Amino acid sequence: LPDLQDEVTVVGFPIGGDNTCVTVGVVSRIDMQTYSSCGSKSLLAIQIDAAINPGNSGGPCFLSKSNERMMQCLGVAFQVLGHDEAENIGYIIPAEA
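Everything numeric here is computed off the predicted structure, so don't read it as measured data. (Residues numbered from 1 in each chain as written. Predicted model: local features only at pLDDT ≥ 70, side-chain atom pairs only at ≥ 80, totals over all residues. Heavy atoms only, no water.)

A. The arrangement of the overall build of the chain in detail. Of the regular secondary structure elements, the chain holds zero helices and six strands. Ordered by position from the N terminus, the helices and strands of the chain form the series β-β-β-β-β-β. The burial tally for the chain puts 31% of its 97 residues in the buried class. Put simply, of all contacts in the chain between residues at least 6 apart along the chain, 44% involve residues at least 24 apart. (Helix = DSSP H or I, 4+ residues; strand = E, 2+ residues; numbered from the N terminus. Buried < 20%, exposed > 50% of the residue type's maximum accessible area, 1.4 Å probe, protein only. Contact = heavy atoms within 4.5 Å.)

B. Region of interest: the nonpolar core. One finds V8, V10, V27, I46, I48, A50, I52, C61, L63, L74, A77 and I92 forming the largest nonpolar core, which totals 12 residues. Secondary-structure elements contributing two or more residues to this core are β1 (7-12), β3 (41-48), β4 (60-64) and β5 (72-80). (Core = buried A, V, L, I, M, F, W, Y, C linked by side-chain atoms within 4.5 Å.)

C. Structural detail: the pairing of strand β2 (residues 21-35). In this structure, β1 lies alongside β2, joined through six bridges in antiparallel fashion. Its bridge partner lying in β2, V10 is registered against T23. Here eight bridges tie β2 to β3, and the two strands are oriented antiparallel to one another. Bridging across to β3, V27 finds its partner in I48. (Pairing = 2+ DSSP bridges.)

D. How the structure looks around the side chain of Q47. In this structure, Q47 sits in strand β3. Q47 sits in the buried class, given a relative accessible area of 9%. Beyond its immediate stretch of four places on either side in the chain, Q47 contacts V26, V27, S28, R29, I89, G90 and Y91.

E. Molecular detail of the state of the cysteines. If you walk through the whole model with that rule in mind, you get zero disulfides. With no disulfide of its own, C61 has C73 as its nearest cysteine by sulfur position, at a separation of 7.6 Å. By relative accessible area, which is 0% here, C61 ends up buried. (Disulfide = S-S within 2.5 Å.)

F. Quick look at the pairing of β3. Relative to strand β6 (residues 90-94), β3 runs antiparallel, the two sharing three bridges. The residue of β6 that forms the bridge with Q47 is Y91.

G. Representation of the environment of T20. Inspection of the secondary structure puts T20 in the loop between β1 and β2. If we ignore the near neighbours within four places in the chain, the residues touching T20 are G12 and F13.

Put into structure tokens, the structure is as follows:
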């Protein structure tokens, strides 16, 4: 699992674009979230502040370590918190290590 404030990169193909989109952010929280699509089970989720645009969902999220040249696939971008008071709150489903 990443540490809080680790830098992440989300790659996807958002709606309305002609090419891929790359956004960068940090890990803000790691905790259990209720997944309604899994029968309301609580599973691990990682909150990030990198923009997840409509259509990016399902794209990979990479962990960027400054001391390493390669990026590690951390998980899959899957949703954005949809509140009027909140911006850039996205979640990823972590990949198994």
